[in-house]
Amino acid sequence: MDKSIYSLVLSDKVVEAVDDLANAAGLSRSAMINRILAERVAYTTPEMRLGEIFSAMQRAMNDGFYYLEQPSAGTLSCRTALKYRYKPTVRYSVEIFSRGGRKAGELRVSFRTQNEQLISDLMGFFRCWAALEQRYIASKLSQDIIYTIDSGKFTRTLNMPERDIGDEQLGRAVADYMAMFDAAMKQYFSYLPDADTAARAAEQSYAASVVKQKVII
(Lines give C-alpha, C1' and ligand atoms only; values in the text may rest on other atoms or scores of the structure.)
Protein backbone atom coordinates (compact mmCIF):
# COMPACT_ATOMS: atom_id res chain seq x y z
CA MET A 1 0.00 0.00 0.00
CA ASP A 2 1.42 3.40 -1.02
CA LYS A 3 2.03 5.89 1.76
CA SER A 4 2.58 9.64 1.71
CA ILE A 5 3.44 12.32 4.24
CA TYR A 6 0.55 14.55 5.35
CA SER A 7 0.44 17.47 7.79
CA LEU A 8 -2.32 17.39 10.39
CA VAL A 9 -3.24 19.90 13.07
CA LEU A 10 -4.30 17.94 16.14
CA SER A 11 -5.17 18.74 19.73
CA ASP A 12 -2.42 17.91 22.21
CA LYS A 13 -4.89 15.91 24.29
CA VAL A 14 -5.90 13.89 21.21
CA VAL A 15 -2.25 13.14 20.44
CA GLU A 16 -1.66 12.03 24.03
CA ALA A 17 -4.62 9.65 23.80
CA VAL A 18 -3.40 8.33 20.44
CA ASP A 19 0.07 7.78 21.89
CA ASP A 20 -1.41 5.79 24.78
CA LEU A 21 -3.26 3.56 22.32
CA ALA A 22 -0.16 3.21 20.15
CA ASN A 23 2.03 2.20 23.10
CA ALA A 24 -0.50 -0.38 24.23
CA ALA A 25 -0.68 -1.87 20.73
CA GLY A 26 3.06 -1.69 20.06
CA LEU A 27 2.57 0.70 17.14
CA SER A 28 3.99 4.05 16.15
CA ARG A 29 1.83 7.16 16.36
CA SER A 30 1.48 7.28 12.57
CA ALA A 31 0.48 3.61 12.40
CA MET A 32 -2.15 4.09 15.09
CA ILE A 33 -3.65 7.16 13.42
CA ASN A 34 -3.67 5.24 10.13
CA ARG A 35 -5.54 2.35 11.84
CA ILE A 36 -8.08 4.65 13.49
CA LEU A 37 -8.84 6.45 10.23
CA ALA A 38 -9.02 3.19 8.29
CA GLU A 39 -11.53 1.77 10.77
CA ARG A 40 -13.57 4.97 10.56
CA VAL A 41 -13.83 4.81 6.75
CA ALA A 42 -14.22 1.00 6.75
CA TYR A 43 -10.97 0.37 4.87
CA THR A 44 -8.89 -2.71 5.65
CA THR A 45 -5.18 -1.88 5.63
CA PRO A 46 -2.53 -4.56 5.03
CA GLU A 47 -1.59 -4.30 8.72
CA MET A 48 -5.20 -4.87 9.77
CA ARG A 49 -5.45 -7.85 7.43
CA LEU A 50 -2.33 -9.39 8.97
CA GLY A 51 -3.81 -8.87 12.40
CA GLU A 52 -7.00 -10.67 11.36
CA ILE A 53 -5.04 -13.61 9.92
CA PHE A 54 -2.82 -13.98 12.98
CA SER A 55 -5.79 -13.66 15.35
CA ALA A 56 -7.55 -16.45 13.43
CA MET A 57 -4.39 -18.57 13.71
CA GLN A 58 -4.23 -18.08 17.47
CA ARG A 59 -7.90 -18.97 17.90
CA ALA A 60 -7.46 -22.15 15.86
CA MET A 61 -4.15 -23.31 17.36
CA ASN A 62 -4.16 -25.98 20.06
CA ASP A 63 -2.73 -25.55 23.55
CA GLY A 64 0.61 -27.16 22.67
CA PHE A 65 1.80 -24.00 20.90
CA TYR A 66 3.27 -21.12 22.92
CA TYR A 67 3.40 -17.75 21.23
CA LEU A 68 6.52 -15.62 21.15
CA GLU A 69 6.96 -11.89 20.74
CA GLN A 70 6.30 -10.95 17.12
CA PRO A 71 9.58 -10.11 15.35
CA SER A 72 7.69 -7.96 12.80
CA ALA A 73 4.14 -6.99 11.86
CA GLY A 74 4.07 -9.60 9.08
CA THR A 75 5.48 -12.51 11.08
CA LEU A 76 4.08 -14.66 13.87
CA SER A 77 6.30 -17.00 15.90
CA CYS A 78 5.50 -19.79 18.35
CA ARG A 79 7.19 -22.83 19.84
CA THR A 80 6.49 -26.37 20.99
CA ALA A 81 8.56 -28.98 22.83
CA LEU A 82 9.77 -32.19 21.19
CA LYS A 83 10.13 -35.36 23.31
CA TYR A 84 13.70 -36.23 22.47
CA ARG A 85 16.30 -36.74 25.18
CA TYR A 86 16.83 -33.16 26.38
CA LYS A 87 13.46 -31.92 24.98
CA PRO A 88 14.61 -29.47 22.30
CA THR A 89 12.35 -26.53 21.44
CA VAL A 90 10.72 -26.39 18.01
CA ARG A 91 10.31 -22.83 16.74
CA TYR A 92 7.70 -22.06 14.09
CA SER A 93 7.74 -18.75 12.24
CA VAL A 94 5.02 -17.79 9.75
CA GLU A 95 5.35 -14.86 7.37
CA ILE A 96 2.24 -13.77 5.46
CA PHE A 97 2.76 -12.08 2.09
CA SER A 98 0.72 -9.24 0.60
CA ARG A 99 -2.53 -10.20 -1.08
CA GLY A 100 -2.49 -10.68 -4.85
CA GLY A 101 0.08 -13.41 -5.44
CA ARG A 102 -0.36 -17.17 -5.52
CA LYS A 103 1.93 -17.57 -2.51
CA ALA A 104 0.14 -16.89 0.77
CA GLY A 105 3.33 -16.88 2.79
CA GLU A 106 6.15 -18.97 4.15
CA LEU A 107 6.57 -21.31 7.11
CA ARG A 108 9.96 -21.74 8.77
CA VAL A 109 10.70 -24.48 11.32
CA SER A 110 13.97 -24.34 13.22
CA PHE A 111 15.84 -25.79 16.20
CA ARG A 112 18.72 -24.35 18.18
CA THR A 113 20.94 -27.39 18.35
CA GLN A 114 24.42 -28.57 17.48
CA ASN A 115 23.60 -32.20 18.27
CA GLU A 116 24.53 -34.15 15.14
CA GLN A 117 22.14 -37.04 15.87
CA LEU A 118 19.20 -34.69 16.37
CA ILE A 119 20.03 -32.82 13.17
CA SER A 120 20.24 -36.13 11.30
CA ASP A 121 16.87 -37.25 12.68
CA LEU A 122 15.30 -33.90 11.80
CA MET A 123 16.57 -34.11 8.25
CA GLY A 124 15.05 -37.59 8.03
CA PHE A 125 11.65 -36.29 9.12
CA PHE A 126 11.77 -33.23 6.85
CA ARG A 127 12.50 -35.42 3.82
CA CYS A 128 9.73 -37.81 4.90
CA TRP A 129 7.28 -34.90 5.21
CA ALA A 130 8.17 -33.49 1.79
CA ALA A 131 7.64 -36.92 0.23
CA LEU A 132 4.23 -37.26 1.90
CA GLU A 133 3.13 -33.88 0.58
CA GLN A 134 4.16 -34.79 -2.94
CA ARG A 135 2.19 -38.02 -2.64
CA TYR A 136 -0.97 -36.64 -1.03
CA ILE A 137 -1.52 -32.99 -1.98
CA ALA A 138 0.89 -31.76 -4.68
CA SER A 139 -1.59 -32.55 -7.46
CA LYS A 140 -4.30 -30.50 -5.68
CA LEU A 141 -2.27 -27.28 -5.67
CA SER A 142 -2.00 -24.83 -8.55
CA GLN A 143 1.60 -23.98 -7.64
CA ASP A 144 4.61 -26.15 -6.86
CA ILE A 145 5.52 -26.51 -3.20
CA ILE A 146 8.94 -24.98 -2.64
CA TYR A 147 11.04 -26.42 0.19
CA THR A 148 14.39 -25.60 1.73
CA ILE A 149 15.83 -28.29 4.00
CA ASP A 150 19.18 -27.53 5.57
CA SER A 151 20.94 -28.52 8.80
CA GLY A 152 17.89 -28.94 11.00
CA LYS A 153 15.91 -26.13 9.36
CA PHE A 154 12.80 -26.48 7.21
CA THR A 155 11.19 -23.79 5.05
CA ARG A 156 8.06 -24.23 2.93
CA THR A 157 5.98 -21.87 0.83
CA LEU A 158 2.27 -21.65 1.67
CA ASN A 159 0.13 -21.61 -1.46
CA MET A 160 -3.12 -19.75 -1.95
CA PRO A 161 -5.93 -22.16 -2.84
CA GLU A 162 -7.70 -22.01 -6.19
CA ARG A 163 -10.92 -20.69 -4.68
CA ASP A 164 -10.94 -17.29 -3.02
CA ILE A 165 -10.92 -17.44 0.76
CA GLY A 166 -11.14 -14.84 3.50
CA ASP A 167 -8.52 -13.92 6.07
CA GLU A 168 -10.24 -15.99 8.78
CA GLN A 169 -10.11 -19.10 6.58
CA LEU A 170 -6.49 -18.45 5.63
CA GLY A 171 -5.47 -18.07 9.27
CA ARG A 172 -7.23 -21.31 10.20
CA ALA A 173 -5.66 -23.13 7.25
CA VAL A 174 -2.16 -22.09 8.30
CA ALA A 175 -2.85 -23.09 11.92
CA ASP A 176 -4.20 -26.47 10.78
CA TYR A 177 -1.13 -27.06 8.64
CA MET A 178 1.23 -26.28 11.51
CA ALA A 179 -0.71 -28.57 13.86
CA MET A 180 -0.60 -31.37 11.27
CA PHE A 181 3.15 -30.91 10.81
CA ASP A 182 3.79 -30.86 14.55
CA ALA A 183 1.70 -33.97 15.21
CA ALA A 184 3.39 -35.97 12.44
CA MET A 185 6.84 -34.91 13.62
CA LYS A 186 6.13 -36.03 17.17
CA GLN A 187 4.83 -39.36 15.90
CA TYR A 188 7.97 -39.80 13.82
CA PHE A 189 10.28 -39.09 16.75
CA SER A 190 8.36 -41.37 19.09
CA TYR A 191 9.42 -44.40 17.00
CA LEU A 192 13.09 -43.57 16.53
CA PRO A 193 15.68 -44.98 16.12
CA ASP A 194 13.61 -47.30 13.88
CA ALA A 195 13.41 -44.93 10.90
CA ASP A 196 11.13 -47.17 8.80
CA THR A 197 8.54 -47.51 11.57
CA ALA A 198 8.88 -43.78 12.30
CA ALA A 199 8.13 -42.95 8.65
CA ARG A 200 5.04 -45.19 8.67
CA ALA A 201 3.80 -43.56 11.88
CA ALA A 202 4.28 -40.11 10.36
CA GLU A 203 2.35 -41.14 7.25
CA GLN A 204 -0.52 -42.51 9.32
CA SER A 205 -0.68 -39.22 11.23
CA TYR A 206 -0.50 -37.21 8.00
CA ALA A 207 -3.14 -39.27 6.18
CA ALA A 208 -5.56 -39.00 9.12
CA SER A 209 -5.11 -35.22 9.33
CA VAL A 210 -5.02 -34.17 5.68
CA VAL A 211 -8.52 -35.51 4.94
CA LYS A 212 -9.86 -33.12 7.59
CA GLN A 213 -8.25 -30.06 6.02
CA LYS A 214 -10.93 -27.75 4.64
CA VAL A 215 -8.34 -25.66 2.78
CA ILE A 216 -5.16 -27.12 1.27
CA ILE A 217 -2.29 -24.68 1.21
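Structural data are supplied above this passage.
First, a word on scope: everything that follows refers to the structure included in this document. Note that the structure is a prediction, hence the values are computed from the model and not measured.

Conventions and cut-offs
Residues numbered from 1 in each chain as written. Predicted model: local features only at pLDDT ≥ 70, side-chain atom pairs only at ≥ 80, totals over all residues. Heavy atoms only, no water. Core = buried A, V, L, I, M, F, W, Y, C linked by side-chain atoms within 4.5 Å. Buried < 20%, exposed > 50% of the residue type's maximum accessible area, 1.4 Å probe, protein only. Helix = DSSP H or I, 4+ residues; strand = E, 2+ residues; numbered from the N terminus. Contact = heavy atoms within 4.5 Å. Phe/Tyr/Trp six-rings, centres within 6.5 Å; stacked < 30°, edge-to-face > 60°.

Thoughts on the nonpolar core
- Of all hydrophobic cores here, the largest spans 53 residues; its most connected members are Tyr92, Phe125, Met178 and Met185.
- The biggest single contributor to this core is helix α5 (residues 167–190), with twelve residues.
- Apart from the residues within four sequence positions on either side, Phe125 is in contact with Phe181, Ala184, Met185, Tyr188, Phe189 and Ala202.

Section: the packing of aromatic side chains
- Per the stated rule, a full pass over the model turns up 16 aromatic pairs.
- Both rings, one in Tyr92 and one in Phe181, keep their centres 6.1 Å apart while their planes meet at 90 degrees; by these two values the pair is edge-to-face. Here the residue Tyr92 occupies a position in strand β3 (residues 89–96), and Phe181 occupies one in helix α5, the gap between them amounting to 89 residues.
- Plain terms: the ring middles of Phe125 and Trp129 are 6.1 Å apart, the flat faces sit at 40 degrees to each other, and that makes the pair tilted. Of this pair, Phe125 and Trp129 both sit in helix α4 (residues 116–136), four residues apart, roughly one helical turn.
- Judged by relative accessible area, Phe125 falls into the buried class, the value being 0%.
- Taking the relative accessible area as the measure of exposure, Trp129 reaches 0% and is therefore buried.

Worth remembering: the numbers are spatial, not functional.
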